[in-house]
Each structure stands twice: as structure tokens, then as C-alpha cells.
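# A closer look at the structure
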Amino acid sequence: LELARVNRLVESHPEWAEKIVAVSLGEDVKTVAATAVERGYRFQVAYDEAAESGQKFEIQGTPTVLFKEMGNRVSWRATGLSPSLELRMKNFFSP
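These numbers come from a predicted model, not from an experiment.

Thresholds applied
Counting restarts for each chain: residues are numbered from 1 in the order of the written sequence. With the structure being a predicted model, the display of local features is reserved for residues of pLDDT at least 70 and the display and counting of side-chain atom pairs for 80 or more, all residues being used for whole-chain, interface and lining totals. For the side-chain quantities, the full set of heavy atoms in the structure was used; hydrogens and water were omitted. What makes two strands pair is DSSP finding at least two bridges between them. Only runs of H or I of at least four residues qualify as helices and only runs of E of at least two qualify as strands under DSSP, and these elements are numbered from the N terminus. A contact between two residues is defined here by any heavy atoms of the two lying within 4.5 Å. Buried means the residue's accessible area, taken with a 1.4 Å probe over protein chains only, is under 20% of the maximum for its type, while exposed means over 50%, and partly exposed covers the values in between. Directions drawn from the helix axis to the C-beta atoms are what define this arc. A fitted line through C-alpha atoms represents every axis, and for helices the fit uses only the stretch in contact; the resulting angles, taken between N-to-C directions, go from 0 to 180 degrees. Note on terminology: angles under 35 degrees are roughly parallel, angles over 145 are roughly antiparallel, angles of 65 to 115 are roughly perpendicular, and the others are oblique. In a left-handed crossing the near helix is turned counterclockwise from the far helix by less than a right angle, and in a right-handed crossing that turn is clockwise. Classification used: nonpolar for Ala, Val, Leu, Ile, Met, Phe, Trp, Tyr, Cys and Pro, charged for Asp, Glu, Lys and Arg, polar for all others including Gly. The working definition used for a salt bridge is a side-chain nitrogen of Lys or Arg within 4 Å of a carboxyl oxygen of Asp or Glu. Here a polar contact is recorded for every N or O atom pair within 3.5 Å, except that within protein the pair must consist of a potential hydrogen donor and a potential acceptor, and residues adjacent in sequence are included only if both atoms are side-chain atoms.

With that settled, the discussion passes to the pairing of strand E4 (residues 74-79). Where strand E3 (residues 64-68) meets E4, five bridges bridge the pair, whose relative direction is antiparallel. The residue of E4 that forms the bridge with Val 65 is Ala 78. The antiparallel hairpin formed by E3 and E4 contains five residues in its connecting segment, where Gly 71 sits at a positive phi of about 75°.

Attention now goes to the environment of Gln 44. Considering the arrangement of structural elements, one finds Gln 44 in strand E2 (residues 44-48). Beyond its immediate chain neighbours, meaning those up to four positions away, Gln 44 contacts Ala 17, Glu 18, Ile 20, Val 21 and Ala 22.

For the rest of this paragraph, the subject is helix H4 (residues 85-93). Of the positions making up H4, those classed as buried are Leu 85, Met 89 and Phe 93. With its buried residues spanning 50° around the axis, H4 presents them on a single face. Residues of H4 that are exposed and point over 90 degrees away from its buried face: Leu 87 and Asn 91. Tucked into the core, H4 has its buried residues touching helix H1 (2-12), E3 and E4.

Below, the discussion takes up the packing of H1 against H4. The contact between H1 and H4 brings their axes to 10 Å, and the two run at 45°. For the element pair H1 / H4, the angle class is oblique. Every pair of crossing elements has a handedness; the one defined by H1 and H4 is right-handed. Contact residues: Glu 2, Arg 5, Val 6, Arg 8 and Leu 9 in H1; Leu 85, Glu 86, Met 89 and Lys 90 in H4. A class-by-class count of the residues in the contact of H1 with H4 yields four nonpolar, no polar and five charged.

All right, on to the pattern of salt bridges then. Taken as a whole and assessed by the stated rule, the structure comprises three salt bridges. A salt bridge links Glu 86 to Arg 5, with the shortest nitrogen-to-oxygen separation between them at 3.2 Å. Here the residue Glu 86 occupies a position in helix H4, and Arg 5 occupies one in helix H1, the gap between them amounting to 81 residues. Classification of Glu 86 by relative accessible area gives partly exposed; the value is 31%. Measuring nitrogen to oxygen at the nearest pair gives 3.4 Å for the salt bridge that ties Arg 42 to Glu 11. One end of the pair, Arg 42, is in the loop between helix H2 (29-39) and E2; the other, Glu 11, is in helix H1, and 31 residues separate them in sequence.

As for its position among the elements, Asp 28 is in the loop between strand E1 (21-25) and H2. Each C-alpha atom of the pair Asp 28 and Glu 86 lies 29 Å from the other, and the pair is 58 residues apart in sequence. Engagement of the side chain of Asp 28 in a polar contact is seen with the backbone nitrogen of Lys 30, the distance being 3.2 Å.

Fair warning: the whole summary comes from geometry, so function is off the table for now.
What follows is the structure in C-alpha cells.
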């Protein structure tokens, strides 16, 4: 559900697409690629089969959304469905 919401926002703001990366933890590349195509994601999708990025950013569950600033500083995080995701994305990406 969260990635579908992100995808809808990217449809309205295509300039955001290059700044968004969804990372799948612990799944194989073929499954991740097929799912991204099937769902028509308009942003980058990466895979981390070893789930190392999950450990690095202390991911406790899915979905987890992180807003990272320069230097990998996390300025916002949410796990599960976030009622404020769309508003936060608009604020994060707007100058």
C-alpha cells in the first residue's frame, strides 16, 4: 500500500522519481524486478538480498519509509502505514 501511494505521488511529481529508491530486503532480484514491473513503479527499485541495509538503518518491520538527508542522516522514519506519508513527501521534496 505505501509504495502504491508513493507511485501515485510520483505520477503527479515525476521529478521526484530520481530521488526515490525502494529497497527490498532478503528477496531475490528476479522476484523484485518482476514485482516492480507488474506494479508499474515509476521510481527506482533495488534489492538487498543479504538485508545489510536493513541492519544499517535498523529496519524493524515492513514497510519502513526513511527520508534521508545528505550524509545519510535520517530525518524521518515510519514503519507500517503512515497517515502522514503524502504530506511529509510533499514537504520533503518541495523547496
